[in-house]
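Secondary and tertiary structure notes
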Amino acid sequence: MKLTPQFLVLALYASSAVAILGFGKSAYNKWHETELERWLADHDIPYPTPADRKDLENLVKENWDKKVSSPYTEWDAETLQAYLKQKGVEINEKSKDNKNWLVETVKKNWYEAENTAEDAYNNVKNWIFDTWTDSQLKAFLDRHGIPNPTPRKRETLLETARENYQVVADKIGETAAYPGNWLYEAWSESDLKKWLDERGIPVPQPTTRDKLIAQVRRNSRLASLKLKEAQASASASAQAVKESISNAIFESWSDSELKKWADENGIKVPQGSTRNELLALARRNRAYLSDDTISASMSAAYKSATNTAASVYSRATDTTYDYGQAVFDKAIEAWSDSRLKAYLDSRGVPVPQHTKRDELLAKVRLHRHKAATGYGAWTFDTWTYDNLKKYLEQQGTKASSAASSSASTSREDLVRQAQEAYAAASASGGSAYASVTSALAKATDSVKSTTFDTWSDSELKAYLDSYGIKTYQGSTRNELLANARRAQHLFLYGSAGPTQTMYQKVKWCLGWMYNQFAFRVGLAQRKVEEMGDKARESAQYNYDRAAEESREAVRRAEENAKYGYDRVYEEGKKGAHKVKQEL
């Protein structure tokens, strides 16, 4: 066959089209078999063992889009709505429950295009470190004998980690395309859980170190995208603040001061210019405002706008996390001693006999970020009557059978019997213990989805009592259920719920930056308030979701105050006020 120039040109176009449309090699085509298996395991996708590489690759291919390129296709309607609100997309009443419309609209407003997601996994080192703290970056470098950069700033730490990522992997004989646990060797289990807690990502229950790492690893890309969007929003807000500040500075100057500033910066001023023309000329050349032609204090304040977004964001993250710690510390003070011991037992922390209450509280605070692991007597805590009865029947002991067969047996009696059966099996070990843990593993999955739904009001009140949460006459069932679920979340995860979103933190950053700039340049209070309004208005569409979550938080706090969370709520208001003052 003769290859004509026209044929070659067509072939070139065809190959380009293949690349553009994504029909070329995917990132996972170059992965090692262990990386394919790791990705499938991380995303809870079963695969045969042993398996042929081609079979593994096909499994990854089948699930790639819905796990990587378009993860929102698996979201429920509520999550899709929340994402669109965060993006400032209006949802009418007709469309809010239309799953197809919601998915398509999220797709149009997603963080990145599908081909960009594909490219990202060809260069994992470019984003895998984005959400690490400075100390974690430093620990990674220290662990692998890499000299810390000078100056030791976040940007240089990130750059050094990225430059040495492949070098480290090659040195220790590990794969780097979809990294294994080696990347998180310097992270403690508390570090892993804290990372998940800060981003509102559920911790696997029961958990192990491997499961924690898998959860962090598979959510790192999305966390990186969210962080970059938040930083971009903060940067845009900083620019809006800079413009507001510069406008106020120009407006506060006299005509002669405006002309003098223009002359000093080589800006030609047409003869006979009016004040409005002078102001317009100054605004067009506002970049010169950061020069030495203004006072040193004013210049320093103005220049700081270029590097505040990331540092203030970090500060806001730390502050809100400290606030969450304070709420947890206050809540556990109302827990019963048995509840405190169960919390420690669920995390494998030994509790000596006759341990005093103060010592129990100290241990719980110390191990707040330790993930619950395995099974124990505490596992039965939230099981339904039917689940408990079925479990006891399976154990086959006389006491268990008697308890499960009696119609008058209460749920509390069943819990006690189940705990005793577990304790006996645990003490004897061997096949008895293996059998009971296997039964627990199977039963726990079926319990998760129905927790509390079938409980009576009296059972819910008894459960809340162990957390020191008082219930009052007239409490509705929905209020009891909401309090029970919050208490359970606190026990399982060491937090009352997901921490504040990045958008809330960015919003705080905006207010903090504005106040810093405004007061440093000595503006009048009236000007400060006027520009604050303008800055907030310019950024408001970015923070719709934050506002809604804030209202929801207030509603929950008020509900808590009414039904037994008085002290926690008061502490929360003080903490929130302190955060606002600091920022």
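This section reports on the structure supplied with the text. (Residues numbered from 1 in each chain as written. Predicted model: local features only at pLDDT ≥ 70, side-chain atom pairs only at ≥ 80, totals over all residues. Heavy atoms only, no water.)

**Describing the overall build of the protein**
Helix and strand content of the protein: 26 helices and zero strands. Residues counted as buried form 45% of the 583 residues belonging to the protein. The long-range fraction of contacts in the protein, counting pairs at least 24 apart against all pairs at least 6 apart in sequence, stands at 66%. Total accessible area on the protein stands at roughly 30500 Å², and carbon and sulfur atoms take up 51% of it. (Helix = DSSP H or I, 4+ residues; strand = E, 2+ residues; numbered from the N terminus. Buried < 20%, exposed > 50% of the residue type's maximum accessible area, 1.4 Å probe, protein only. Contact = heavy atoms within 4.5 Å. Areas by Shrake-Rupley, 256 points an atom, 1.4 Å probe, with all protein chains shown as cover.)

**As for unusual backbone geometry**
In this structure, proline 50 follows threonine 49 across a cis peptide bond, with omega equal to -10 degrees. Mapped onto the fold, proline 50 is located in the loop between α2 (33-42) and α3 (53-69). The omega torsion of the bond from threonine 150 to proline 151 falls at -5 degrees, within 30 degrees of zero and hence cis. Tracing the backbone through its elements, the reader meets proline 151 in the loop between α7 (134-143) and α8 (154-171). Of note, the phi angle at aspartate 44 is positive, near 55 degrees, even though the residue is not glycine. Mapped onto the elements, aspartate 44 comes out in the loop between α2 and α3.

**Digging into the packing of aromatic side chains**
As enumerated under the stated definition, the model contains 31 aromatic pairs in all. Both rings, one in tryptophan 75 and one in tyrosine 83, keep their centres 5.8 Å apart while their planes meet at 65 degrees; by these two values the pair is edge-to-face. On the numbers, 6.2 Å between centres and 55 degrees between planes, the contact of tryptophan 253 with tryptophan 261 is tilted. You can call tryptophan 253 buried: its relative accessible area is 14%. A cation over an aromatic ring shows up here: arginine 347 above the ring of phenylalanine 491, its NZ or CZ 5.9 Å from the ring centre. (Phe/Tyr/Trp six-rings, centres within 6.5 Å; stacked < 30°, edge-to-face > 60°. Lys NZ or Arg CZ within 6 Å of the ring centre and 35° of its normal.)

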